[in-house]
Amino acid sequence: MRLLLLFLLTFSNIFATSSYEKGKDLYIQKACYSCHGHKIEGISTFPALANRSKGYMTYKLKHFRERKADTQRQEMMIDFAVNLSDEDIDNLTTFFADY
């Protein structure tokens, strides 16, 4: 089942054309929904990402990628962001801003 899911996610990335669709696929692939929700509305104490400023979210993700966090609670994001490329960050932030 996991292999099928991985195949479908990889296959869907090939045909994702817009930055929004690529960001959405990456959001699912990285399991961001487990903390931020399926509709990026935030769950419990985890923040909502929908309709957030693209510039601010780009700054935050690049900050996490550089292994920097403003609070101890934000440090959990470092492991998720450390391997993101600039293109990945652009696609994710487009998805957040345009959701």
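Structural notes, computed from the coordinates. (Residues numbered from 1 in each chain as written. Predicted model: local features only at pLDDT ≥ 70, side-chain atom pairs only at ≥ 80, totals over all residues. Heavy atoms only, no water.)

### Observations concerning the packing of helix 2 (residues 19-29) against helix 6 (residues 86-98)
The contact between helix 2 and helix 6 brings their axes to 7 Å, and the two run at 100°. In terms of orientation, helix 2 lies roughly perpendicular with respect to helix 6. Along the contact surface, helix 2 presents Ser19, Tyr20, Lys22, Gly23, Lys24, Leu26 and Tyr27, while helix 6 presents Glu87, Asp88, Asp90, Asn91, Leu92, Thr94, Phe95, Phe96 and Asp98. Considered class by class, the residues forming the contact of helix 2 with helix 6 number six nonpolar, four polar and six charged. (Axes fitted to C-alpha atoms, helices over the stretch in contact; angles between N-to-C directions. Helix = DSSP H or I, 4+ residues; strand = E, 2+ residues; numbered from the N terminus. Parallel < 35°, antiparallel > 145°, perpendicular 65-115°, else oblique. Contact = heavy atoms within 4.5 Å. Nonpolar A, V, L, I, M, F, W, Y, C, P; charged D, E, K, R; others polar.)

### Comments concerning the environment of glycine 23
For glycine 23, the position within the fold is in helix 2. Given the relative accessible area of 0%, glycine 23 is considered buried. C-alpha of glycine 23 to C-alpha of leucine 92: the two residues are 69 residues apart in sequence and 4.1 Å apart in space. With sequence-adjacent residues up to four places away left out, glycine 23 is seen in contact with Asn91, Leu92 and Phe95. (Buried < 20%, exposed > 50% of the residue type's maximum accessible area, 1.4 Å probe, protein only.)

### A closer look at the environment of tyrosine 27
Within the secondary structure, tyrosine 27 sits in helix 2. In this structure tyrosine 27 comes out as buried when scored by relative accessible area, which is 2%. Between the C-alpha atom of tyrosine 27 and that of histidine 38, which follows or precedes it by 11 residues, the distance is 9.3 Å. Every residue in contact with tyrosine 27, bar those within four places of it in the chain, is listed here: Cys32, Tyr33, His36, Gly37, Ile40, Leu49, Leu92, Phe95 and Phe96.

### Quick notes on the packing of helix 4 (residues 54-65) against helix 6
Contact geometry for helix 4 and helix 6: axes closest at 9 Å, N-to-C directions at 140°. With respect to helix 6, the axis of helix 4 lies oblique. Between helix 4 and helix 6 lies a crossing whose hand is right-handed. On helix 6, the residues touching Lys54, Met57, Thr58, Leu61, Lys62 and Arg65 of helix 4 are Asp86, Ile89, Asp90, Leu92, Thr93, Thr94, Phe96 and Ala97. Of the residues in the contact of helix 4 with helix 6, the class split is six nonpolar, three polar and five charged. (Left-handed = near helix turned anticlockwise from the far one by under 90°.)

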